[in-house]
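Topology and contacts: notes
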Amino acid sequence: MEKRKILIVIAAVFVAVAGILFSIKIIMNTRTELPYIIYIPKVKAGTDFWLSVVAGAEMAAKENEATLEINAPEDEMDVEGQNKLILKAIEKKPDAIVVSPNSLVGNLEVLKKVKEAGIKLVYIDSASSEHIQDAIIATDNYQAGRKMGEYAKKNIDENSVIGIVSHVKTSSTATEREKGFRDALGDYESQITEVVYSNSDYETGYQETMKLLEKYDIDVLACLNENSAVGAARAVVEKGLGGKIIMIGFDNSTEEIKLLEAGVFSAIVVQRAYSMGYLGIETAVKSVTQDTWSVNIDSGSLLITKDNMYNPENQEVLFPFYGN
Amino acid sequence: MKNGLITKLLKFKSIRTTIVLSFTVLIVSVVLIFAAISYSRGEKVVFSIATDYVTQLNEQINRNIDSYISYMENVAQLEVNNEDVKEYLFAYVNDSKKMIIGETISSQFSVLRETRQDIHNIGIIGKDGSYLINDRYVVMNENVEYQKMDWYQEALKGRMVLTTSHVQNIVADDYQWVVTLSNGIINQKTGEVEGVFFIDLNYSLISSLCESIDLSNRGYVFIVDELGNIIYHPKQQLIYSGVREENIEEILTSKGGSYLTADGDKIYFTAKSENTGWTVVGVNYKSEMMEQMNETRQMYVVLAILLLVLATVLAVIFSNALTKPIKELRKSMKEVESGNFDIQLEDSDSMNEIGRLQNSFRIMIYKIRQLIENNKAEQEAKRKSEIRALQAQINPHFLYNTLDSIIWMAEGSNTEEVIQMTSALSKLLRKSISNEDELVTLDREIDYVKEYLTIQKMRYQDKLEYEIDVDIEVLRVPIAKLVLQPLVENAIYHGIKYKEGKGLIQIKGFILGSDVVVQIKDNGMGMSEEKIQSIFAQTGPADSKRVGVQNVHSRLQLYYGKDYGLRYESKIGEGTTASIIIPYLQ
């Protein structure tokens, strides 16, 4: 009788010990399960834009205690290389794959496999032709275009002649930025004489702008991406029109910044690349750890003029700092 | 109900259980108190460790920055009083002379830049637009409006100023993140500040200093100046774009030390440098510290459990050691209780209460055993003396009767018969005396009875006849001495003596089952049930005639046990049969 009671007491103690150890193990286990994310950008970090995106992504990973792996293709045209990287990423079975697709359709089939493997798919900067992603973080190009239009509207009158240097006719970013620009101009929209295309090439941009400047007495020139802006600026400077016409650029490069400082550009619209990378990874983590997350985030853009380019917040965007 | 259950649970039958339980309860409460104290202290300990750690790191950052800045201040102080610098900016010397002075200053600047890698630019700018930055060949950015820059304007007021972090664009094609220290240069001829000396400290120095600090997974360090401008922040861009927020106001108004932010999760540890006016802020997440704390707490819990298990095991072992001798003692007592005194109890070497108890019990058993043995010996002695007394009783009783007969015959002058009877008596007496053994064979008893009957037949003449019919197997059976004769005597005196006509005594001996039966049968008067009862009764009035039967029965029982002895059957007017029943031993 007494023996049985002692046995019961001892058994109870052991059951309690086992139970507590087990629950501790569960707590420990849940703690070690950090989200594992692979990010495949458009290109190996080389330009300021992609450096900023990657820096933002890494900061988000650190802050959310996620494991982040970044594998980038050699250049922005390398669709096949990017597809291979995506397939490799699927094999590693991460919780989420974050991609900045190099092609609207060229990556689609491979990206569908990401979803088939039950892995979360998040886009940064650009999308695919079909909506298969769990979330996208990009600059709202329409809003960015509007910022250009609103700035132009303040500095022109009904006689101003307006020209547009776009990049690729079928590109979604080009059409959205152009639409935003046109919408913001309001009544002045009719004063847009012509849209020329640089095909994202400095030389073409330069030549097309030269033709445009010869054809019309341009007062306002809106450039819709970095190549277009720098190509057009070279033409404007060559024509001796630097600072005499209102030129609005897009994105930033050292050359573009110097042109802004020199007064060739009156203003440039820049994307918040760091925020884009940061929000991209943060959203990917949320898609893994939470039930709800924002599926479409505008990482924002910023209009910078020569006067405010050295403001603390603007110089931070124009001259992203990476330690050295 | 609950109370009843507890009382029930506490009513253990064994000391062992009680000890185990009391031990366990005691240790559980001690461990729980210990765990509770550690648990509650855990938070304070973790926080104070974190505070000390972060505060030290902050101060270390401050010291490093202070040392850089004070070095630059020394350089600035040196350069604004440098005669070469003043001559270069303010003296109206010809170009070749100016070139020589410029060469001297350039070499000074390059020495400074080479010894200190953290100096990015070092230069002087005159109010008139003349300048020298790093060396004579560096061209100023033509688009820069340095006159509008804070570091230039403030220095022109004759003060030494330190800027926040910014992109320095004064040199053409060079955009570098720096912190600028500047000071006004006085033209001694006019006594006015007419030039500015500036030195750019590489921003990466500060950023890498802050980044190298490892607070915790999510923790970070940032620096703000006196006006609330961010000098360094790992999430600077996110703050400017509004993705993240940092309550700078709170830091500027706080008086230093550490405090919890309004959202309740971040803990700020601030340290302000009096030299630069900058405040270094270390940020830790409370949730992360709680995790650490939980780990510590889990450790306490595990420790407590281990202690409990250990304590329980020890309690069982201790109580076993304590109760084992008690249990053994209990077992021995049970043996004794059931009547077995032949137990081996070891002399306990333990000198505690239980050991002494065991020793006392052992001595007690020993004494009881002695008493029993004494008692047994006494009983034996008593029995032997009783038998002797019985044997002694027979002889005079018989003698008395026989001598009576001889006297009676002598009175009748039957000399022949007197001789015959006296010789028979003499034989009888010899037989009874000759053997000292208590047991004799049945045939000897029969012989003895024959002598006796010879005597009695002479006394009663034709009135007494006898037959003896004993099986050959039983002749050698041992039997207590002098048992037949008193029964035969009894049969004569109580059966035949008062009978009209001839009396017959038959003696039979045979085996019945495992017993030997010897019957003495008479055809005399017979006896009533009460008479039979009375001849067996041990007590009662002293009657010499009864003594014979009663002592035969008790002697038989003393020798052979309660199952054996004497049995009487009798019918009034028909006769009596006395049966001796003894075990048949071969």
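Residues numbered from 1 in each chain as written. Chains lettered and ligands numbered in written order. Predicted model: local features only at pLDDT ≥ 70, side-chain atom pairs only at ≥ 80, totals over all residues.

With that settled, the discussion passes to the overall build of chain A. What chain A contains, in helices and strands, is 11 helices and 12 strands. Residue burial in chain A is summarised as follows: out of 324 residues, 48% are buried. For chain A, the share of sequence-separated contacts (at least 6 apart) that also reach a separation of at least 24 residues comes to 72%. (Helix = DSSP H or I, 4+ residues; strand = E, 2+ residues; numbered from the N terminus. Buried ≥ 20, exposed ≤ 12 C-beta atoms within 10 Å, placed from the backbone. Contact = placed C-beta atoms within 7 Å.)

All names here are of chain B. Read across the open sheet, the five strands follow the order 7-6-10-9-8; overall the sheet is antiparallel. Each edge of the sheet is formed by a strand with only one pairing partner; in this case those strands are strand 7 (230-232) and strand 8 (257-260). When the angles between neighbouring strand axes are averaged without regard to direction, this sheet yields 30°. In the sheet, strand 6 (residues 220-224) pairs with strand 7 via two bridges, with the strands oriented antiparallel. (Pairing = 2+ DSSP bridges. Axes fitted to C-alpha atoms, helices over the stretch in contact; angles between N-to-C directions.)

This part is about the pairing of strand 10 (residues 279-285) of chain B. Residue and element names in this part refer to chain B. Where burial is concerned, most of strand 10 is hidden: six out of the seven residues are buried. Bridge analysis of strand 6 against strand 10 gives five bridges, and the strand direction is antiparallel. Paired with Val 221 across the two strands is Gly 282, which belongs to strand 10. Sheet topology note: the strand 9 (residues 266-272)/strand 10 ladder contains seven bridges and is antiparallel.

This paragraph deals with the interface of chain A and chain B. In this assembly, 31 residues from chain A lie in contact with 37 residues from chain B. For the side of chain A that touches chain B, the elements supplying multiple residues, two or more each, are helix 1 (2-32), helix 2 (48-63), helix 9 (254-262), helix 10 (273-289) and helix 11 (312-318) of chain A. Considering every element that reaches the side of chain A that touches chain B, the biggest residue donor is helix 1 of chain A, with nine residues. Here the side of chain A that touches chain B is built from residues that sort into 18 nonpolar, five polar and eight charged. (Nonpolar A, V, L, I, M, F, W, Y, C, P; charged D, E, K, R; others polar.)

Residues and elements named next belong to chain A. Residues of strand 8 (residues 220-223) alternate between two faces, with Val 220 and Ala 222 on one and Leu 221 and Cys 223 on the opposite face, all of them buried. Sheet analysis places strand 6 (residues 162-166) next to strand 8, joined by four bridges and oriented parallel. If you follow Gly 163 over to strand 8, its bridge partner there is Leu 221. As paired strands, strand 8 and strand 9 (residues 246-250) are joined by three bridges and run parallel to one another. By the bridge assignment, Val 220 is partnered in strand 9 with Ile 246.

In this section: the environment of B:Ser107. Residue position: B:Ser107 is located in helix 4 (residues 95-115). Taking C-alpha positions, B:Ser107 is 9.7 Å from B:Arg136, a pair spaced 29 residues apart along the chain.

The next subject is unusual backbone geometry. Excluding glycine, a negative phi dihedral is what most residues carry, and trans is how most peptide bonds are arranged. Residue and element names in this part refer to chain A. The backbone of Glu 65 sits at a positive phi, close to 55°, despite the residue not being glycine. Within the secondary structure, Glu 65 is located in the loop between helix 2 and strand 2 (67-70). Since 13 C-beta atoms lie within 10 Å of it, Glu 65 is described here as partly exposed.

Ranked by size, the top nonpolar core spans 102 residues in total, and within it A:Ala222 and A:Ile248 carry the most contacts. It is helix 2 (residues 15-80) of chain B that contributes the most residues to this core, 10 residues altogether. Excluding its chain neighbours within four sequence positions, the residues that come into contact with A:Ala222 are A:Met148, A:Ala152, A:Ile164, A:Phe181 and A:Ile248. Ranked by size, the runner-up nonpolar core spans 46 residues in total, among them A:Ile40, A:Val99, A:Ala138 and B:Val243. (Core = buried A, V, L, I, M, F, W, Y, C linked by C-beta atoms within 7 Å.)

Residue and element names in this part refer to chain A. Between helix 3 (residues 79-91) and helix 4 (residues 108-116), the shortest axis-to-axis distance is 9 Å and the interhelical angle comes to 10°. If you check the angle between helix 3 and helix 4, you find them roughly parallel. Packed against helix 3, whose contacting residues are Asn 83, Ile 86, Leu 87 and Ile 90, the element helix 4 presents Val 110, Leu 111, Lys 113 and Val 114 at the interface. (Parallel < 35°, antiparallel > 145°, perpendicular 65-115°, else oblique.)

A word on the sheet that holds strand 1 (residues 119-126) of chain B. The strands making up a sheet are joined through hydrogen bonds of the backbone, oriented either antiparallel or parallel. Residue and element names in this part refer to chain B. Pairing in this open sheet of five strands is antiparallel, and the strands run 2-1-5-4-3 from one edge to the other. Both edges of this open sheet fall to strand 2 (131-133) and strand 3 (161-168), since each of them pairs with a single strand only. Between one strand axis and the next, the sheet turns by 20° as a mean value, whatever way the strands run. Contacts between helix 3 (residues 83-90) and the sheet are confined to strand 1, strand 2, strand 4 (176-187) and strand 5 (192-202), with strand 4 contributing the most and set at about 80° to the helix.

Moving on to the environment of B:Ile125. Residue and element names in this part refer to chain B. With respect to the helices and strands, Ile 125 occurs in strand 1. When the C-alpha positions of Ile 125 and Val 196 are compared, they lie 5.3 Å apart, and in sequence the two are 71 residues distant. Here Ile 125 is in contact with Tyr 131, Tyr 146, Tyr 152, Gly 195 and Val 196, once residues within four sequence places are set aside.

What follows concerns helix 5 (residues 141-154) of chain A. All names here are of chain A. With 14 residues, helix 5 extends 20 Å from end C-alpha to end C-alpha; this agrees with the ideal 20 Å at 1.5 Å per step. Asn 141, Ala 144, Gly 145, Arg 146, Lys 147, Met 148, Gly 149, Tyr 151 and Ala 152 are the residues of helix 5 that are buried. Each element contacted by the buried residues of helix 5 is listed here: helix 6 (172-185), strand 8, strand 9, strand 10 (267-271) and strand 12 (301-305). (Expected span 1.5 Å × (residues − 1).)

Right, let's get into the confidence of the model for chain B. Residues and elements named next belong to chain B. Here chain B averages 82 in pLDDT, while 91% of its residues score no lower than 70. Across residues 539-546 the pLDDT falls below 50, and counting only partners more than four positions away or on other chains, this stretch makes four contacts in the model. Here the predicted complex scores 0.65 on pTM and 0.83 on ipTM. (pLDDT = per-residue confidence, 0-100.)

Quick look at the packing of helix 7 (residues 202-215) of chain A against helix 8 (residues 226-238) of chain A now. Residues and elements named next belong to chain A. Helix 8 packs onto helix 7 with a crossing angle of 50° between their chain directions and a minimal axis gap of 7 Å. Taken together, the axes of helix 7 and helix 8 lie oblique to each other. Helix-helix and strand crossings are classified by hand; for helix 7 and helix 8 the assignment is right-handed. In this structure, helix 7 contributes Tyr 202, Glu 203, Thr 204, Gly 205, Tyr 206, Thr 209, Met 210 and Leu 213 to the contact, and helix 8 contributes Asn 227, Ser 228, Val 230, Gly 231, Ala 232, Arg 234, Ala 235 and Val 236. When the residues that make up the contact of helix 7 with helix 8 are grouped by side-chain class, the tally is eight nonpolar, six polar and two charged. (Left-handed = near helix turned anticlockwise from the far one by under 90°.)

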